[in-house]
Amino acid sequence: ETNLTTEAPALHRDTSGETVGVLMIVVRPAICALGLVTNSLSLLVFLQPSMRNLSCSVYLAVKAVSDFAFLLSSLVLWLTSVQVRAFHTEGVCQLVLFATYLAAFISIWLVVALTIENLLCVVRPWFVQRSCNARTARILTSVIVVLGIGLYHFALWNNGLRTHTRLTGPTACQPLEEFTHLAVALTYVDSLMTLLLPLIVLTVSNAAIIVLALRASRRQRRRDMLIRFLFSVSMTLLLFHLPSHLLRLKYLLLSASALDVLLFRWFETLYISHYAIGFFVYIAFGSNFRKVF
C-alpha cells in the first residue's frame, strides 16, 4: 500500500470512492470473518482419523492454519480503516506483518507441492503410491515453514513505529528509516518467492496435467477423482491470485495510474477471498472431504 500513493484525479475519486469504501469497510471484514469459520471447519475435517494419513490432508490442514493466520492479520489491518489503531502499536505491528508474509508464503508453496504431487499422479502413479505419503508431506511442509521463517523474520525487526503526519495518529507501522533500502530489496525478494516462481510452476504444471490427462487412457475412478480435486485447488489459487499479482508486478516495474489503484482494490479483495473459500472448493470437488464433513 505504501507504493500506491498516486494521487487520483478529482473525478476519479468521486466515482470510485464509494466503491472502495464499501470494499474496505464492509466486504473485507465479512470475507475475513467467513474465512476464520471455514478454515476452522476445514482443519477439523483434515484432522479426522480417516483423513489425516493422506498426504494432501497434511498440506491442506497446514494451509487451513496459515490461511486462518493470514485472515486474522488482515482483520487487524482492517481495524485501521475504522479508526482502531491496534496495528499501529509496538509488537502488534511486527507480528502482523510477519504473520502476513509467512502465511502467504506457506499457503502458496503448499499448493505448489500439491500441484507437483498431482502432476506425478498423472505421469508416475507408481511413484505417488510409494513416496507421496503423509510422512513425506510432513517433512516437506516443515521445510516450507522453516524456509518461510528464514525469509521473513526480517519483518520482526526492520519495522516499527514512525511519525506519519498524514495519518490521524502520531505514529504508524512502517519500515524503520535505517532499513528503508533493505525493505525495498526484500519487496523484490517477496515478489519472486510468492509471485513469479510459484505462479510459473503452477501454470506450467497445470497445463501439463491438462494435456497429459487428455492423452491418457481412462484409469481408476478413484485416482481420477483425486486428480480433479487437487487440480481444482491449484486452479482456484491461480484464478484468485493472478490478477492482483500481475498488477503488483506492474507497480514494481512501472508507475501506477488512478485506474490501477481502483483495480488493485478489487483484485486485492479477490486475492483475500481465496484464503476464505477453500472449504467450499473442498466440498464441491472432494468426495472424501464431503463424506467426512
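Scoring rules and cut-offs
Residues numbered from 1 in each chain as written. Predicted model: local features only at pLDDT ≥ 70, side-chain atom pairs only at ≥ 80, totals over all residues. Heavy atoms only, no water. Helix = DSSP H or I, 4+ residues; strand = E, 2+ residues; numbered from the N terminus. Buried < 20%, exposed > 50% of the residue type's maximum accessible area, 1.4 Å probe, protein only. Contact = heavy atoms within 4.5 Å. Areas by Shrake-Rupley, 256 points an atom, 1.4 Å probe, with all protein chains shown as cover. Salt bridge = Lys/Arg side-chain N within 4 Å of Asp/Glu carboxyl O. UniProt positions renumbered as here; feature names shortened; annotations may be inferred. Disulfide = S-S within 2.5 Å. Expected span 1.5 Å × (residues − 1). Arc of directions from axis to C-beta. Polar contact = N/O pair within 3.5 Å; in protein donor to acceptor, adjacent residues only side chain to side chain. pLDDT = per-residue confidence, 0-100. Phe/Tyr/Trp six-rings, centres within 6.5 Å; stacked < 30°, edge-to-face > 60°.

**Student:** What am I meant to see in the overall build of the chain here?
**Tutor:** From N to C terminus, the chain includes 10 helices and two strands. For the chain, the succession of helices and strands along the chain, N to C, is α-α-α-α-α-β-β-α-α-α-α-α. Here the chain holds 293 residues, and 44% of them are scored as buried. Contacts spanning at least 24 positions in sequence make up 77% of the contacts within the chain whose residues lie at least 6 apart. Surface accessibility of the chain: about 15200 Å² in total, with carbon and sulfur atoms responsible for 68%.

**Student:** Before we go on, may I ask you to explain the pattern of salt bridges in this structure?
**Tutor:** When charged atoms on two side chains of opposite charge get close, those side chains can pair. Applying the stated criterion across every chain, the model contains three salt bridges. Glu268 is paired through a salt bridge with Arg265; the nearest N and O atoms lie 3.3 Å apart. Of the two residues, Glu268 and Arg265 are both situated in helix α8 (residues 258-274); the distance of three residues between them amounts to about one turn of the helix. Here the salt bridges share partners, and the residues they tie into one network are Arg28, Arg265 and Glu268.

**Student:** Help me understand the UniProt feature "transmembrane region" (unreviewed entry) in the chain, please; the structure alone is not making it clear to me.
**Tutor:** As recorded in UniProt, the sites labelled "transmembrane region" (unreviewed entry) are residues 20-46, 58-79, 99-127, 139-157, 195-214, 226-243 and 263-285. Annotation note: span residues 58-79, helix share 100%, strand share 0%, distance between end C-alpha atoms 32 Å.

**Student:** Sorry, what's going on with the state of the cysteines here?
**Tutor:** Between two cysteines, a covalent bond joining their sulfur atoms is known as a disulfide. Counting across every chain of the model gives one disulfide. The disulfide bridge from Cys93 ends at Cys173, spanning 1.9 Å between sulfur atoms. Where Cys93 bonds to Cys173 through sulfur, the torsion about that S-S bond is close to 60°, and the disulfide is right-handed. Placement of Cys93 in helix α3 (residues 92-123) and of Cys173 in strand β2 (residues 171-175) is noted, with a sequence separation of 80 residues between them. Assigned by exposure class, Cys93 and Cys173 land together as buried.

**Student:** Help me understand helix α5 (residues 134-152), please; the structure alone is not making it clear to me.
**Tutor:** Structural remark: α-helix, 3.6 residues per turn; residues separated by three or four positions point the same way. With 19 residues, α5 should reach 27 Å at 1.5 Å per residue; the first-to-last C-alpha distance of 27 Å fits that figure. Considered for burial, the residues of α5 that qualify are Ala134, Ala137, Thr141, Ile144, Gly148 and Tyr152. Viewed along the axis of α5, the buried residues span an arc of 80°, placing them on a single side of the element. Projecting away from the buried face of α5 at angles above 90 degrees are the exposed residues Arg135 and Val146. Buried positions along α5 lie against α2 (55-79), α3 and α6 (180-215). Backbone nitrogen of Arg135 and a side-chain oxygen of the N-cap are separated by 3.2 Å at the start of α5; the cap is Asn133.

**Student:** Would you explain helix α9 (residues 278-285) in this entry?
**Tutor:** For α9, every residue scored as buried is listed here: Gly278, Phe279, Val281 and Tyr282. Take α9 and look down its axis: the buried residues cluster within an arc of 165°, on one side only.

**Student:** What's the story with the confidence of the model for the chain in this structure? I'm lost.
**Tutor:** Parts of the prediction with low pLDDT should not have their coordinates interpreted in detail. When pLDDT is averaged along the chain, the result is 82, and 85% of the positions lie at 70 or above. Mean pLDDT across the elements of the chain bottoms out in helix α4 (residues 125-131) (69) and peaks in α9 (95). In the predicted structure, residues 1-15 sits below a pLDDT of 50 and forms 14 contacts with residues beyond four places in sequence or in another chain.

**Student:** Sorry, what's going on with the packing of aromatic side chains here?
**Tutor:** Two aromatic rings are characterised by how far apart their centres lie and by the angle between their planes. Taken as a whole, this structure holds 15 aromatic pairs when the rule is applied. Between Phe46 and Tyr282, the aromatic rings sit 5.3 Å apart at their centres with planes inclined by 70°, giving edge-to-face as the arrangement. Of the two residues, Phe46 is situated in helix α1 (residues 10-46) and Tyr282 in helix α9; the sequence distance between them amounts to 236 residues. There is no split in this pair, since Phe46 and Tyr282 are both buried. Ring centres 6.3 Å apart and planes at 45° place the aromatic pair Phe105 and Trp109 in the tilted group. Taken as a pair, Phe105 and Trp109 lie in helix α3 at a separation of four residues, close to a single helical turn. Exposure remark for Phe105: the relative accessible area of 3% places this residue in the buried category. A relative accessible area of 18% means that Trp109 is categorised as buried. An aromatic cluster is built from Phe46, Phe229, Phe279, Phe280, Tyr282, Phe289 and Phe293, whose rings are joined through pairwise contacts.

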